[in-house]
Amino acid sequence: MLTTLKTSYTDTRAADLAWALGREPLPALAELDLELSGAKLQLRLLGASHQVLIEEDRGACSETVACMPGSSTPLPLGVERRFGDWEYEFAARVETLSQDSFAGRAQEVIALVTDHPHGLAGTFPGSPHAFTAMVAQRLDGQVGWRTWHAYPQEGQLVVTRTRVGARLPAGR
């Protein structure tokens, strides 16, 4: 699903992104509700990037990657955590591209997510390549999602990957 977000482009630098686990739901500009083999997932595009809410029998969790005033947790390259009865794994990287390469990569990501049954992409007014995109899937008993946050003025694309699954009993 592709939507035009009715807000100004508030994330102006990739370096301003922060990460948080377990935050309350923030106001969303666009949402996509999914059910993936018993897991309820809500993909949320924010004025300042993304939030994912997940709920299963074992509990609920949220991931937020956004410009969060007062946040002391910058965007990490990787995180592995136990969160309730879940194992949580997060990874992020920043792609720095030339202007021409950036435009092509932006079109490629938007097309991929728009055509995906579990995808949500939002473009921001003012730049054809300013967007946030998300896609979710369930694979081998885990729920996962990927996100892309575009910063055309810097030629940077922040890409994240998350996997959440049941904690395995000790000794396995």
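The following refers to the structure shown. Bear in mind that the values here come from a model prediction, so they are computed numbers and not experimental data. (Residues numbered from 1 in each chain as written. Predicted model: local features only at pLDDT ≥ 70, side-chain atom pairs only at ≥ 80, totals over all residues. Heavy atoms only, no water.)

### Remarks on the overall build of the protein
Item 1. Helix and strand content of the protein: one helix and 12 strands.
Item 2. Each helix and strand of the protein, placed in order from N terminus to C terminus, yields the pattern β-β-β-β-β-β-β-β-α-β-β-β-β.
Item 3. Principal-axis analysis of the C-alpha atoms gives the protein an extent of 50 × 35 × 30 Å.
Item 4. Burial statistics for the protein: of 172 residues in total, 47% are counted as buried.
Item 5. Long-range pairs, those at least 24 residues apart, make up 58% of the contacts in the protein with a sequence separation of at least 6.
Item 6. Counting every atom, the protein has about 8700 Å² of accessible surface; 49% of that belongs to carbon and sulfur.
Item 7. For the protein, the centre of its 16 positive side-chain charges and the centre of its 20 negative side-chain charges are spaced 4 Å apart. (Helix = DSSP H or I, 4+ residues; strand = E, 2+ residues; numbered from the N terminus. Buried < 20%, exposed > 50% of the residue type's maximum accessible area, 1.4 Å probe, protein only. Contact = heavy atoms within 4.5 Å. Areas by Shrake-Rupley, 256 points an atom, 1.4 Å probe, with all protein chains shown as cover. Lys, Arg positive; Asp, Glu negative; His and termini not counted. Charge placed at Lys NZ, Arg CZ, Asp CG, Glu CD.)

### Structural notes on the pattern of salt bridges
Item 1. Within the structure shown, the criterion is met by nine salt bridges.
Item 2. Between R82 and E87 there is a salt bridge whose closest N-O contact spans 3.1 Å.
Item 3. Residue classification places E87 among the partly exposed positions, given a relative accessible area of 28%.
Item 4. Its salt-bridge partner being R93, residue E95 comes within 2.7 Å of it at the nearest N-O pair.
Item 5. Owing to a relative accessible area of 14%, E95 belongs among the buried residues under this scheme.
Item 6. Three or more residues joined by partner-sharing salt bridges are found here, namely R93, E95, R105 and E108. (Salt bridge = Lys/Arg side-chain N within 4 Å of Asp/Glu carboxyl O.)

### Some remarks on the pairing of strand β9 (residues 119-123)
Item 1. In terms of residue burial, β9 counts as a mostly covered element, since five of its five residues are buried.
Item 2. Residues G119, A121 and T123 line one face of β9 and the alternating positions L120 and G122 line the opposite face, and both faces are buried.
Item 3. The sheet contact formed by strand β1 (residues 2-4) and β9 spans three bridges and is parallel. Bridge pairing links T3 to G122 in β9.
Item 4. Pairing geometry for β9 and strand β10 (residues 131-139), over five bridges, is antiparallel. Bridge pairing in β10 places A121 opposite A133. (Pairing = 2+ DSSP bridges.)

### Considering the pairing of strand β12 (residues 156-166)
Item 1. Among the 11 residues that make up β12, eight are buried, leaving the element largely enclosed by the rest of the structure.
Item 2. Bridge count between strand β8 (residues 86-96) and β12: 11 bridges; the pairing is antiparallel. Bridge pairing in β12 links R93 to V159.
Item 3. For strand β11 (residues 142-151) and β12, the ladder comprises 10 bridges, and the chain directions are antiparallel. Paired with H149 across the two strands is V158, which belongs to β12.
Item 4. Hairpin connection of β11 to β12: four residues between the antiparallel strands, including G155 at a positive phi of 70°.

### A look at the environment of G165
Item 1. Positionally, G165 belongs in strand β12.
Item 2. Assessed through its relative accessible area of 3%, G165 is described here as buried.
Item 3. The sequence separation of G165 and R138 amounts to 27 residues, and the corresponding C-alpha distance is 9.8 Å.
Item 4. If sequence neighbours within four positions are ignored, G165 has contacts with R58, D85, W86, E87, G141 and Q142.

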